[in-house]
Amino acid sequence: VQLQASGGDLVQAGGSLKLSCAASGRTFSVYAMGWFRQAPGKEREFVSSITWVSGNTYYADSVKGRFTISRDNAKNTVYLQMNSLKPEDTAVYYCAAALPASSWLPSLRSKYPYWGQGTEVTVSS
């Protein structure tokens with residue numbers, strides 16, 4: 001599975017951005033797609049994920065109510081709509097794909113064997 005993330009930009013605090021992640025290859029094997037982010041000097045952290053068939057969604061507490069994840073199965077694309085952006089949202093955002101597993105923990109990085117290249121989001125105060 002190959003992933004191509006896009007949509008990162010420089011935006012003012014309070015603004016909005018929409019990230020996209022296009023999947024190609026063996027997409028029929030994907031169980032879920034997720035977004036993680038990594039700020040300078042920090043660990044990569046979970047942001048949100050969505051299961052491919054049922055559309056169940058999961059969010060980190062820090063983005064609940066501000067970010068919305070969605071998918072377009074026909075286009076094999078996942079989106080992350082980010083509203084009310086804050087300077088602390090500044091990071092490189094990575095999309096990732098998870099395969100079916102005996103247990104599902106959406107926030108666990110090890111559940112995602114496939115990763116995109118990242119797209120940079122900068123929120124100015």
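The structure under discussion appears in the preceding block.
Here goes a summary of the coordinates provided. Think of each chain on its own: its residues are numbered from 1, step by step along the sequence as written. Local features are withheld for residues below a pLDDT of 70 in this predicted model, meaning they are given only at 70 or higher, and side-chain atom pairs are given and counted only at 80 or more; totals for whole chains, interfaces and linings count all residues. Heavy atoms throughout the structure, all of them, feed into the side-chain values; hydrogens and water do not.

## Structural notes on the pairing of strand β11 (residues 119-124)
Turning to step 1, where the next piece is worked out: Remark: exposure states derive from per-residue accessible area (1.4 Å probe, protein chains only) relative to the maximum for the residue type, with buried under 20%, exposed over 50%, and partly exposed in between. Working definition: helices are DSSP H or I runs of at least four residues, strands are E runs of at least two. Numbering for both runs from the N terminus. Of the two faces of β11, the one holding T119, V121 and V123 is buried and the one holding E120, T122 and S124 is not buried anywhere.
Turning to step 2, where the next piece is worked out: With three bridges joining them, strand β2 (residues 10-12) and β11 adopt parallel strand pairing. Residue pairing for β11: V11 is matched across the bridge by V123.
Turning to step 3, where the next piece is worked out: One bridge is not enough; two strands pair if DSSP finds at least two bridges between them. Two elements, strand β9 (residues 91-98) and β11, share three bridges in a ladder whose sense is antiparallel. Bridge pairing in β11 places V92 opposite E120.

## Section: the state of the cysteines
Formally, a disulfide is one covalent bond, and it connects the sulfur atom of one cysteine to the sulfur atom of another.
Turning to step 1, where the next piece is worked out: To count as a disulfide, a pair of cysteine sulfur atoms needs to be within 2.5 Å. Overall, the coordinates contain one disulfide when judged by the stated rule.
Turning to step 2, where the next piece is worked out: One disulfide bridge connects C21 with C95, the sulfur atoms lying 2.1 Å from each other. Disulfide C21 to C95: torsion about the S-S bond roughly 60°, handedness right-handed. Here C21 is found in strand β3 (residues 17-24), whereas its partner C95 is found in strand β9, with 74 residues between them in sequence.
Turning to step 3, where the next piece is worked out: Of the residues examined, C21 reaches a relative accessible area of 0% and is grouped as buried.

## Focus: the packing of aromatic side chains
Turning to step 1, where the next piece is worked out: For Phe, Tyr and Trp, where Trp contributes only its six-membered ring, two rings pair if their centres lie within 6.5 Å, and the inter-plane angle classes them as stacked under 30 degrees, edge-to-face over 60, or tilted in between. What the rule picks out here adds up to seven aromatic pairs.
Turning to step 2, where the next piece is worked out: Consider the rings of Y31 and W104, whose centres lie 5.1 Å apart with planes at 80°: the pair is edge-to-face. Of this pair, Y31 sits in the loop between β3 and β4 (32-38) while W104 sits in the loop between β9 and β10 (114-115), placing them 73 residues apart in sequence.
Turning to step 3, where the next piece is worked out: Taking the relative accessible area as the measure of exposure, Y31 reaches 31% and is therefore partly exposed.

## Focus: the side chain of S48
Turning to step 1, where the next piece is worked out: Note that S48 resides in strand β5 (residues 45-51).
Turning to step 2, where the next piece is worked out: Judged by relative accessible area, S48 falls into the buried class, the value being 0%.
Turning to step 3, where the next piece is worked out: N or O atoms closer than or at 3.5 Å make up a polar contact, with two conditions inside protein: a donor-capable atom paired with an acceptor-capable one, and, for residues adjacent in sequence, both atoms drawn from side chains. Here Y58 takes part through its backbone oxygen, which lies 2.8 Å from a polar atom of the side chain of S48.
Turning to step 4, where the next piece is worked out: Ignoring any residue separated from it by four or fewer positions in sequence, one finds S48 in contact with M33, G34, W35, Y58, Y59, I69 and L80. We call two residues contacting when some pair of their heavy atoms lies within 4.5 Å.

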